[in-house]
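Overview (structure and organization)
Single-letter residue listing:
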Amino acid sequence: MSTKGVTPEHDEIVSEMHIAAPPERVFKALTDPGELKQWFSSPDCPVKMWEMDPRLDGAYRYSTEKGSIIVNGVSEFECHGHITEFDPPRVLAYTWYANWHDDSTRRTLVRVELTAQEQGTHVKVTHSGLSNLPIARKDYSGGWPGVVEMLKKFIEQ
Amino acid sequence: MRERSVTHSAATPGREITFQALADPTRRAVLDLLRRGSQPAGQIASAFPVSRPAISKHLRLLRRAHLVREHREGRHRVYQLNPEPLRAVDSWIEQYRVFWASSLNNLKAFVEAEHAREREAARKQRKKS
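Residues numbered from 1 in each chain as written. Chains lettered and ligands numbered in written order. Predicted model: local features only at pLDDT ≥ 70, side-chain atom pairs only at ≥ 80, totals over all residues. Heavy atoms only, no water.

Here we look at the sheet that holds strand E1 (residues 39-40) of chain B
Residue and element names in this part refer to chain B. Taken in spatial order, the 3 strands of this open sheet run E1-E3-E2, and their pairing is antiparallel. Two strands in the sheet have a free side with no partner beyond their single neighbour: E1 and strand E2 (68-73). Strand direction decides the pairing type here: E1 and strand E3 (residues 76-81), joined by 2 bridges, are antiparallel. Note on E3: the bridge partner recorded for Gln39 is Tyr79. Set on the sheet, helix H3 (residues 25-34) makes contact with E1, E2 and E3; between it and E3 the angle comes to about 90°. On the sheet, helix H5 (residues 52-64) packs against E2 and E3 and is oriented at approximately 115° with respect to E2. (Pairing = 2+ DSSP bridges. Helix = DSSP H or I, 4+ residues; strand = E, 2+ residues; numbered from the N terminus. Contact = heavy atoms within 4.5 Å. Axes fitted to C-alpha atoms, helices over the stretch in contact; angles between N-to-C directions.)

Focus on the nonpolar core
Within the largest apolar cluster, 43 residues are counted, with the highest numbers of intra-cluster contacts made by Tyr94, Trp96 and Trp100 of chain A together with Tyr96, Trp100 and Leu107 of chain B. The element best represented in this core is helix H6 (residues 84-128) of chain B, accounting for 9 residues. In this structure, Leu107 of chain B is in contact with Ile19, Val26, Ala29, Leu30 and Trp39 of chain A, ignoring residues within four places of it in sequence. If you look at the next biggest cluster of nonpolar residues, it comprises 19 residues, including Leu33, Ile44, Ala65 and Val68 of chain B. (Core = buried A, V, L, I, M, F, W, Y, C linked by side-chain atoms within 4.5 Å. Buried < 20%, exposed > 50% of the residue type's maximum accessible area, 1.4 Å probe, protein only.)

Things to note about the packing of helix H1 (residues 23-31) of chain A against H6 of chain B
Packing of H1 of chain A against H6 of chain B leaves a shortest axis separation of 10 Å and a crossing angle of 125°. Our classification of the angle between H1 of chain A and H6 of chain B gives oblique. Considering how the two elements wind past one another, H1 of chain A and H6 of chain B form a crossing that is right-handed. Facing Arg25, Val26, Ala29 and Leu30 of chain A of H1 of chain A, the residues of H6 of chain B in contact are Leu107, Phe110, Val111, Glu114, His115 and Glu118 of chain B. (Parallel < 35°, antiparallel > 145°, perpendicular 65-115°, else oblique. Left-handed = near helix turned anticlockwise from the far one by under 90°.)

A few points about the confidence of the model for chain B
Of the residues in chain B, 89% have a pLDDT of 70 or more, and the chain-wide mean is 84. In the predicted structure, residues 1-12 of chain B sits below a pLDDT of 50 and forms 13 contacts with residues beyond four places in sequence or in another chain. (pLDDT = per-residue confidence, 0-100.)

What about the confidence of the model for chain A?
In this model, chain A carries a mean pLDDT of 80, and residues with pLDDT of at least 70 account for 76%. pLDDT under 50 marks residues 133-148 of chain A. Its contacts with residues more than four places away, or in other chains, come to 33 contacts.

Quick word on the domain arrangement of chain B
All names here are of chain B. Domains assigned within chain B are domain 1 (13-82) and domain 2 (84-129). Domain 1 and domain 2 are separated by 44 Å when their C-alpha centres are compared. Domain 1 puts 8 residues into the contact, and the matching count from domain 2 is 7 residues. Taken over both partners, the interface formed by domain 1 and domain 2 buries close to 630 Å², and the fraction arising from carbon and sulfur atoms is 78%. (Domains from an automatic or database assignment. Buried area = accessible area lost by both parts, 1.4 Å probe.)

A look at unusual backbone geometry
Residue Pro88 of chain A is joined to Pro89 of chain A through a cis peptide bond whose omega torsion reads -5°. Mapped onto the fold, Pro89 of chain A is located in the loop between strand E5 (74-87) and strand E6 (91-98). For His66 of chain B, which is not glycine, the phi torsion reads 60° and is therefore positive. Structurally, the position occupied by His66 of chain B is in the loop between H5 and E2.

A look at the side chain of His127 of chain A
Relative to the assigned elements, His127 of chain A resides in strand E8 (residues 120-128). Among the polar contacts listed, one links the side chain of His127 of chain A to the side chain of Thr108 of chain A, at a separation of 3.0 Å. A polar side-chain atom of His127 of chain A sits 2.9 Å from a polar atom in the side chain of Trp100 of chain B. (Polar contact = N/O pair within 3.5 Å; in protein donor to acceptor, adjacent residues only side chain to side chain.)

Looking at the pattern of salt bridges
Summed over all chains, the structure comprises 14 salt bridges over all chains. Via salt bridges that share partners, Arg25, Lys28 and Glu35 of chain A together with Glu114, Arg117 and Glu118 of chain B belong to a single interconnected network. (Salt bridge = Lys/Arg side-chain N within 4 Å of Asp/Glu carboxyl O.)

Considerations on the environment of Leu34 of chain B
All names here are of chain B. You can see Leu34 is positioned in helix H3. Under the relative-accessibility criterion, Leu34 is labelled buried at 3%. Sequence-wise, Leu34 and Pro49 are 15 residues apart; in three dimensions their C-alpha atoms are separated by 17 Å. Ignoring anything within four residues of it in the chain, the contact list for Leu34 reads Gln39, Ile44, Val68, Tyr79, Gln80 and Leu81.

Looking at the packing of aromatic side chains
In this structure the tally under the stated criterion is 18 aromatic pairs over all chains. A ring pair is formed by Trp96 of chain A and Phe99 of chain B, whose centres lie 5.7 Å apart and whose planes are at 70°; its orientation type is edge-to-face. Of this pair, Trp96 of chain A sits in strand E6 while Phe99 of chain B sits in helix H6, on two different chains. Of the residues examined, Phe99 of chain B reaches a relative accessible area of 21% and is grouped as partly exposed. Grouped by ring-pair contacts, the aromatic residues Trp39, Phe40, Trp50, Tyr60, Tyr62, Phe77, Tyr94, Trp96 and Trp100 of chain A together with Tyr96, Phe99 and Trp100 of chain B constitute a single cluster. (Phe/Tyr/Trp six-rings, centres within 6.5 Å; stacked < 30°, edge-to-face > 60°.)

Rendered as structure tokens:
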């Protein structure tokens, strides 16, 4: 497993994992609401509701009970979006609007890629749009490269 | 939520203004330059092939984002780097690093257990028939 920082090109994070089961099995866990409810939860903030309409343009929504963690003043988390890519068992992508973001109306994107491996599946999650700055992105196209190296430099200095 | 973040940005600049300031290559280069130490505006301007007013504008934006501090030394305006807002941006993104790492751990544990159970059930089924 590895979770890299923000990639140099985009305002995104990449997280990867090997799972000892075929992509079909992993894809089911990613799209079946009954299964999502079982694993997409944590003791810090137990899931209350998980709904997903597993098809292109299908909606999903999940919410949690009041958890023991607080992000941006929020402790009952709610997140929703639509499926933007549905290619079983290889790709699942959805928009991600969360009530703990600075602006819960801004679009972020989660993309899960599954690659079959001899011993199972390689899972790669990319969460992009985290800086929530569509205006700057449009106005300063090509302006993003380097932001992350900067961050890294400053933080490590 | 939105209201709250507005109140917040009134007191301290939000992440948004930080990202906006960082979105421009020249401004990033200015910050890079200031990592070597404080510099007067004139010296900063001479390091870039853009007009003096353009650099002033960049410095103003950086100041508004609290990424640089300005003070006067005689007749010079001297600029100093302030990396604090960058930490806020990083800690925000860090939250998702932790979130996805732990979600993938959960997914792995769940799928591997289910898969093993299903295979075992299938094996028993085959034995029976």
